Every structure is written in C-alpha cells, then in structure tokens.
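# Structural overview for review
Letter by letter, the chains look like this.
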Amino acid sequence: QVQLVESGGGLVQAGGSLRLSCAASGSIFSINDMGWYRQAPAKQRELVARMSRGGSTNYADSVKGRFTISRDDARNTVYLQMNSLNPEDTGVYYCNADIIPRGLFWGQGTQVTVSS
C-alpha cells in the first residue's frame with residue numbers, strides 16, 4: 001500500500017505565506033512526477049505545480065513567481081512554498097505522485113483559506 005499525507009494548510013491573510021508538505025509512504029521503489037493540484041468550491045481540480053524526478057517544473061500561470069515546488073527524494077516528500085497568497089488561492093490542495101511500481105496516487109487534501 002502507498003499513502004500520501006499532506007500537511008501545512010490553514011487560514012492566512014492575503015499577502016501571507018504557507019508551506020505545504022506531502023509525504024509518501026509504503027511500498028515505494030522510486031517516484032516519478034510529484035505535484036500539487038487544487039480545487040476551489042464549485043470549480044474543477046486544477047494543476048498548481050508539478051516537478052519531475054529530474055527537477056523540471058511546471059506551474060499554473062496564476063501562481064508563477066509566487067509559488068515554488070520542491071522535493072526531497074530521500075524523504076519521498078514534495079513541498080509547495082506559497083507566497084503572496086490572495087483569496088483566489090483558496091481551496092483544497094491535493095498532492096499527487098507517480099509511484100514506481102504502484103501507479104498514480106493522491107493525498108486526502110489539505111484546506112487553504114486566504115482571507116481578504
């Protein structure tokens with residue numbers, strides 16, 4: 001079994017920062033892409049940022065320059081540093097990982113709320 005457990009969400013004022021973490025555990029040989037998605041109320045889940053095993057990154061246009069994704073492969077953990085948060089960043093943030101040899105897994109989600 002593989003589990004992804006997110007942490008670090010919460011309530012923050014506009015302009016503030018949060019750091020999300022997602023740790024993968026279980027039967028893991030290695031991990032390819034790791035990423036963060038978010039889902040705002042009444043909206044579809046969308047990509048926030050992804051990072052390949054080789055370090056290549058991909059960000060949503062709305063977060064470029066404000067959010068930074070990183071990973072620690074020794075700890076099977078992916079992070080999302082979120083700066084200059086605004087109310088439009090509010091939502092449930094999910095991590096996602098392509099686990100070898102198990103496949104694609106999702107975390108349970110962590111709520112991020114940005115007040116104006």
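Nothing here was measured: the structure is a model prediction, and the numbers come from that model.

## A word on the pairing of strand β5 (residues 46-51)
Strand direction decides the pairing type here: strand β4 (residues 30-39) and β5, joined by 5 bridges, are antiparallel. Of the residues in β5, the one forming a bridge with arginine 38 is glutamate 46. With antiparallel pairing between neighbouring strands as the criterion, β4 and β5 make up a hairpin whose turn holds 6 residues, including alanine 42 at a positive phi of roughly 65°. With 3 bridges joining them, β5 and strand β6 (residues 57-59) adopt antiparallel strand pairing. Among the inter-strand pairings, methionine 51 is bridged to a residue of β6, identified as threonine 57.

## Description of unusual backbone geometry
The bulk of non-glycine residues show a negative phi, and the bulk of peptide bonds are trans. Looking along the chain, the bond that leaves isoleucine 100 and enters proline 101 is cis, with omega of 10°. Unlike most non-glycine residues, alanine 42 shows phi in positive territory, near 65°. Position of alanine 42 among the secondary structure elements: in the loop between β4 and β5. Backbone geometry places asparagine 76, a non-glycine residue, at a positive phi of 50°. Mapped onto the elements, asparagine 76 comes out in the loop between β7 (67-72) and β8 (77-82).

## Comments concerning the nonpolar core
If you look at the biggest cluster of nonpolar residues, it comprises 28 residues, and the most contacted ones within it are Trp36, Val48, Phe67, Ile69, Leu80, Met82 and Tyr93. Secondary structure elements with two or more residues in this core: β1 (2-7), β3 (18-26), β4, β5, β7, β8, β9 (91-100) and β11 (110-115). Contact partners of methionine 82, with chain neighbours within four places excluded, come to Gly16, Ser17, Leu18, Leu20, Arg66, Phe67, Tyr93 and Val112.

## Observations regarding the pattern of salt bridges
Scanning the entire structure with this criterion turns up 7 salt bridges. Ionic pairing is found between aspartate 33 and arginine 50, a salt bridge with its closest N-O pair at 3.7 Å. Here the residue aspartate 33 occupies a position in strand β4, and arginine 50 occupies one in strand β5, the gap between them amounting to 17 residues. You can call aspartate 33 partly exposed: its relative accessible area is 30%. On the accessibility criterion, arginine 50 (14% relative accessible area) is buried. For aspartate 73, the salt bridge is made with arginine 71, and the minimal N-O distance between the two is 2.8 Å. A residue is classified by how much of its surface remains accessible, and aspartate 73, at 40% relative accessible area, is partly exposed. On the basis of relative accessible area, arginine 71 is assigned to the buried category, the value being 15%. Salt bridges sharing partners connect three or more residues here, namely Arg38, Glu46, Arg66 and Asp89.

## Quick look at the packing of aromatic side chains
Tallied over the entire structure, the rule returns 1 aromatic pair. Measuring from ring centre to ring centre gives 5.0 Å for tyrosine 37 and tryptophan 106, while their planes differ by 65°; the resulting arrangement is edge-to-face. Here tyrosine 37 is found in strand β4, whereas its partner tryptophan 106 is found in strand β10 (residues 103-106), with 69 residues between them in sequence. What makes tyrosine 37 buried here is its relative accessible area of 17%. Lying over the aromatic face of tyrosine 79, arginine 19 brings its terminal NZ or CZ to 4.1 Å of the ring centre. Across the ring face of tyrosine 94, the terminal group of arginine 45 is positioned such that the distance to the ring centre comes to 3.7 Å.

Conventions adopted
- Residues numbered from 1 in each chain as written.
- Predicted model: local features only at pLDDT ≥ 70, side-chain atom pairs only at ≥ 80, totals over all residues.
- Heavy atoms only, no water.
- Pairing = 2+ DSSP bridges.
- Helix = DSSP H or I, 4+ residues; strand = E, 2+ residues; numbered from the N terminus.
- Core = buried A, V, L, I, M, F, W, Y, C linked by side-chain atoms within 4.5 Å.
- Buried < 20%, exposed > 50% of the residue type's maximum accessible area, 1.4 Å probe, protein only.
- Contact = heavy atoms within 4.5 Å.
- Salt bridge = Lys/Arg side-chain N within 4 Å of Asp/Glu carboxyl O.
- Phe/Tyr/Trp six-rings, centres within 6.5 Å; stacked < 30°, edge-to-face > 60°.
- Lys NZ or Arg CZ within 6 Å of the ring centre and 35° of its normal.

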